[in-house]
Amino acid sequence: MKLLQIDFPMEGPFGETMTEAFSDLAKDIATEQGLIWKIWTENADTKQGGGIYLFEDIENANRYLTKHTERLNSFGIENITAKIFDVNVPLSQIDKVNFLK
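Keep in mind it's a predicted model, so treat the numbers as computed, not measured.

The rules behind these values
- Within any chain, residue numbers begin from 1 and follow the written order of that chain's sequence.
- The model is predicted, so local features are restricted to residues of pLDDT at least 70 and side-chain atom pairs to those at 80 or more, both for listing and for counting; the totals for chains, interfaces and linings are taken over all residues.
- No hydrogens and no water enter the side-chain calculation; it runs on all heavy atoms of the structure.
- Two kinds of site are reported from a 1 Å grid over the protein atoms alone, namely cavities, where a 1.4 Å probe fits but cannot get out, and pockets, open sets with protein on both sides within 12 Å along at least five of seven lines, and residues are called lining when an atom falls within 4 Å of a point.
- Grid points are joined across faces, edges and corners, and a volume is the space filled by probe spheres set on the points.
- In DSSP terms, a helix is any run of H or I states spanning at least four residues, a strand is any run of E spanning at least two, and both are numbered starting from the N terminus.
- In what follows, salt bridge is the name for a side-chain nitrogen of Lys or Arg lying within 4 Å of a carboxyl oxygen of Asp or Glu.
- A simple rule labels every residue: compare its accessible area, found with a 1.4 Å probe on the protein chains alone, to the largest value its type can have, and call it buried under 20%, exposed over 50%, or partly exposed in between.

S.K.: In this structure, what is going on with the layout of surface pockets? I would like to understand it.
M.R.: A probe as big as a water molecule, rolled over the atoms, marks out the empty space that is left. Reported here for the largest pocket is a volume of approximately 240 Å³. Phe8, Met10, Phe22, Leu72 and Ile77 are the residues nearest the centre of the largest pocket, which is lined by 18 residues in total. For the lining of the largest pocket, the secondary structure elements donating two or more residues are β1 (2–9), α1 (15–29), β2 (35–43), β3 (48–55) and α2 (58–74).

S.K.: Explain the pattern of salt bridges here, please?
M.R.: As a working rule, side chains carrying opposite charge can pair if their charged atoms are close by. Applying the stated criterion to the full structure yields five salt bridges. Across the pair Lys2 and Asp86 runs a salt bridge, and its minimum N-O distance is 2.0 Å. A residue pair is termed long-range when its members are at least 10 positions apart, and Lys2 in strand β1 and Asp86 in strand β4 (residues 81–86) qualify at 84 residues. Asp86 sits in the exposed class, given a relative accessible area of 59%. Taking the shortest distance from any N to any O, the salt bridge between Lys47 and Glu11 comes out at 3.9 Å. Linking Lys47 in the loop between β2 and β3 with Glu11 in the loop between β1 and α1, this pair joins segments that are 36 residues apart in sequence. Salt bridges sharing partners connect three or more residues here, namely Glu32, Arg63 and Lys67.

This is the structure in structure tokens:
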């Protein structure tokens, strides 16, 4: 399992307006091959957006990272940061991450 963290500068929208604006995108992302879960992140104070993604494997994480980076660039978004981590499943299960069982 791989965790992908993506952060980028974003002028908005945030909160409920973000939910309304990006619900179709969220539905599309939900169909990504190998995606287990996405957590949408936002910080209106620092004008940042992003997400935490859990993928089945590195191939799907890298494929999505390329796709999403191209999408963000097409919106004029630059200074995107991304990190991929291994997931320690046994420790994560201890900390009540029930979907990993």
